[in-house]
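Architecture at a glance
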Amino acid sequence: MAEEEQNNGTDGAVVAAHGHGDGGVSAGTAVIAADAVQNPGLPPHRQRVTDTNPKKAKGAERTVYTLFYVSIVGSLGAVLAYMFFPMESGELLDIRLHTLFVGLGMALGLLALGIGAVHWGKALMADHESIDERHPVSSSEEVRQDSAEVFRIADEESGFSRRSLVRNSLIGALIAFPLPGVTLLRSLAPQDRDPVQLLKHTMWESGVRLARDPSGVPIRASEVTIGSAFHVIPETLNHSDFEELSLDERGGSATLLDAKAKAIVLLMRLDQSDLKEDDDRKDWSYNGIVAYSKVCTHVGCPVALYEQHTHHLLCPCHQSQFDVSEHAKVIFGPAKRPLPQLPITVDDEGYLVAQSDFHEPVGPSFWERLK
Ligand code: FES
């Protein structure tokens, strides 16, 4: 047991202890315990087979660049799979094949790249232990020169400049790896068609009955009482007949879900005296019954909350509010234009029918700026 007295101006106030027990230190004396575990140091260095056998080193190099080439093949394979296994048909089998092969290509690209990099580090890069001593965090000229030297040594020891096949194949793999991700962005844009026309044209046309969502039962004007609201789809939008419709009759949509997403409507009845209608749109409503697109003009959420006393429609996504009594104009929130109105009337049997399609694109305002 040993104590070393440190002079801080008060005799015996601080003691560094190098063992257990108080060693007779008097009460009130601070004791600094020395580290009880000795630093074991670094284990003896063992050379790898690639350090001693140039043939093995060459073999490892071959493995590394082969893996990088495999990564390139995987990434490009994902791009080809995207092109040769399209899923635009909406068929379950097509979607499965598309996701399977694009996924396999991307997985191969990433996996081979990762394994190649790890193998390069473990088998070929310098293997000696190096100790980076702590130093003040400053960037003096001397430090910068040291850093440059470290990079130079790292380059020399990793063989980044020297092993051109490994380096170039790695660069190729890194360039090819993001390509599948970029390719997938293509799916965000409509295929071969003008997006304005695509969103403007829905399944609504003159004479199409307004039907309840999801049952598809047509709605009579007499069933819509003041204050009520209906979620509405075109009567022609039903599962059994959809496949028989032409693309034009489907409103340009390939799948039933797309067609429904564009054509969905909210139907409400107000007291006629509460409606403030423009002259050119007075005949778009019937006895106080009005129909508006349910797709929010902000970023396309369904506007589904109707407050009958205020005649306000609320979009739950970002709280845009629309005034149904005034052509669904925006009264609050980030939406920039009113909900498109569907002109309606009744047929001979008293069922509510559309007079025409919407007169403007449904959904987010972005498309109208392309006009
Ligand atoms: S989507 Fe309706 S407010 Fe944002």
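Remember, predicted model here, so these are calculated numbers, not experimental data.

To continue, consider the overall build of the protein chain. Within the protein chain, the secondary structure is distributed over eight helices and 13 strands. Per-residue burial for the protein chain yields a buried fraction of 25% across its 371 residues. Taking the intrachain contacts of the protein chain between residues at least 6 apart in sequence as the baseline, contacts between residues at least 24 apart amount to 59%.

Before going further, it helps to examine the sheet that holds strand E6 (residues 265–269). Spatially, the four strands line up as an open sheet ordered E4-E5-E6-E7, and their pairing is antiparallel. Of all strands in the sheet, those bounded by a partner on one side alone are strand E4 (210–212) and strand E7 (289–293). On average, each strand axis in the sheet is tilted by 45° relative to the strand beside it, whichever way the strands run. Bridge analysis of strand E5 (residues 229–234) against E6 gives four bridges, and the strand direction is antiparallel. Bridge assignment links His-231 to a residue of E6, and that residue is Leu-266.

The biggest cluster of nonpolar side chains holds 40 residues, and the ones touching the most others in it are Leu-210, Val-232, Val-265, Leu-267, Ala-291 and Tyr-292. Put simply, the parts of the chain that give this core at least two residues each are E4, E5, helix H8 (256–263), E6, E7 and strand E13 (352–354). If you look at the next biggest cluster of nonpolar residues, it comprises 13 residues, including Tyr-65, Ala-112, Trp-120 and Ala-176.

The subject of this paragraph is the sheet that holds strand E8 (residues 305–307). Reading across the sheet, the four strands line up as E8-E9-E10-E11 and stay open at both edges, with antiparallel pairing between neighbours. Looking at strand neighbours, the two that pair on one side only are E8 and strand E11 (329–332), the edges of this open sheet. When the angles between neighbouring strand axes are averaged without regard to direction, this sheet yields 30°. As judged from the three bridges shared by E8 and strand E9 (residues 312–314), these two strands associate in the antiparallel manner. By the bridge assignment, Tyr-306 is partnered in E9 with Leu-313.

Our focus in this paragraph is the packing of helix H2 (residues 54–84) against helix H3 (residues 92–124). Interhelical geometry of H2 versus H3 gives an angle of 160° and a closest axis separation of 7 Å. By the criterion of interaxial angle, the relationship of H2 to H3 is roughly antiparallel. For the crossing formed where H2 meets H3, the hand is left-handed.

On to the packing of H2 against helix H5 (residues 164–176). As a packed pair, H2 and H5 sit with axes 9 Å apart at the nearest point and diverge in direction by 20°. Considering the angle they form, H2 stands roughly parallel to H5. The way H2 lies across H5 gives a crossing that is left-handed. Together, Glu-61, Val-64, Tyr-65, Phe-68, Tyr-69, Ser-71, Ile-72, Ser-75 and Leu-76 of H2 and Leu-165, Val-166, Ser-169, Leu-170, Gly-172, Ala-173 and Ala-176 of H5 make up the contact between the two elements.

Moving on to H3. Compared with an ideal rise of 1.5 Å per residue, which puts 33 residues at 48 Å, H3 spans 47 Å between its outermost C-alpha atoms and is within 8% of the ideal. For H3, the full list of buried residues reads Val-102, Gly-105, Met-106, Gly-109, Ala-112, Leu-113, Gly-116, Trp-120 and Leu-124. For H3, the secondary structure elements touched by its buried residues are helix H1 (49–52), H2, H5 and helix H6 (179–184).

Here we come to the UniProt feature "transmembrane region" (unreviewed entry) in the protein chain. With numbering matched to this structure, UniProt assigns "transmembrane region" (unreviewed entry) to residues 64–85 and 97–118. This span, residues 64–85, is 95% helix and 0% strand, and a straight line between its end C-alpha atoms measures 31 Å. Across residues 97–118, the secondary structure splits into 100% helix and 0% strand, with the terminal C-alpha atoms separated by 31 Å.

Here the focus is helix H4 (residues 141–158). End to end, H4 covers 26 Å across 18 residues, agreeing with the expected 26 Å (1.5 Å per residue, within 8%). Positive backbone phi, at 75°, marks Gly-159, one or two positions downstream of H4.

Bridge count between strand E10 (residues 321–323) and E11: three bridges; the pairing is antiparallel. Within E11, the position partnered with Phe-322 by the bridge is Val-330. Counted along the chain from E10 to the antiparallel partner E11, the turn is five residues long, and its residue His-327 has a positive phi close to 55°.

Moving on: the environment of Leu-179. By the element assignment, Leu-179 lies in helix H6. In this structure Leu-179 touches Ser-75 and Val-79, once residues within four positions along its chain are discounted.

On to the confidence of the model for the protein chain. Close inspection of predicted coordinates is inappropriate for parts of the model with low pLDDT. When pLDDT is averaged along the protein chain, the result is 86, and 87% of the positions lie at 70 or above. Overall, residues 1–12 carries pLDDT values under 50, and its contacts beyond four positions in sequence, including any with other chains, amount to 19 contacts.

Relative to E5, E4 is paired through three bridges, and the arrangement is antiparallel. Along E5, the bridge assignment pairs Leu-210 with Pro-234.

Procedures and definitions
Residues numbered from 1 in each chain as written. Predicted model: local features only at pLDDT ≥ 70, side-chain atom pairs only at ≥ 80, totals over all residues. Helix = DSSP H or I, 4+ residues; strand = E, 2+ residues; numbered from the N terminus. Buried ≥ 20, exposed ≤ 12 C-beta atoms within 10 Å, placed from the backbone. Contact = placed C-beta atoms within 7 Å. Pairing = 2+ DSSP bridges. Axes fitted to C-alpha atoms, helices over the stretch in contact; angles between N-to-C directions. Core = buried A, V, L, I, M, F, W, Y, C linked by C-beta atoms within 7 Å. Parallel < 35°, antiparallel > 145°, perpendicular 65-115°, else oblique. Left-handed = near helix turned anticlockwise from the far one by under 90°. Expected span 1.5 Å × (residues − 1). UniProt positions renumbered as here; feature names shortened; annotations may be inferred. pLDDT = per-residue confidence, 0-100.

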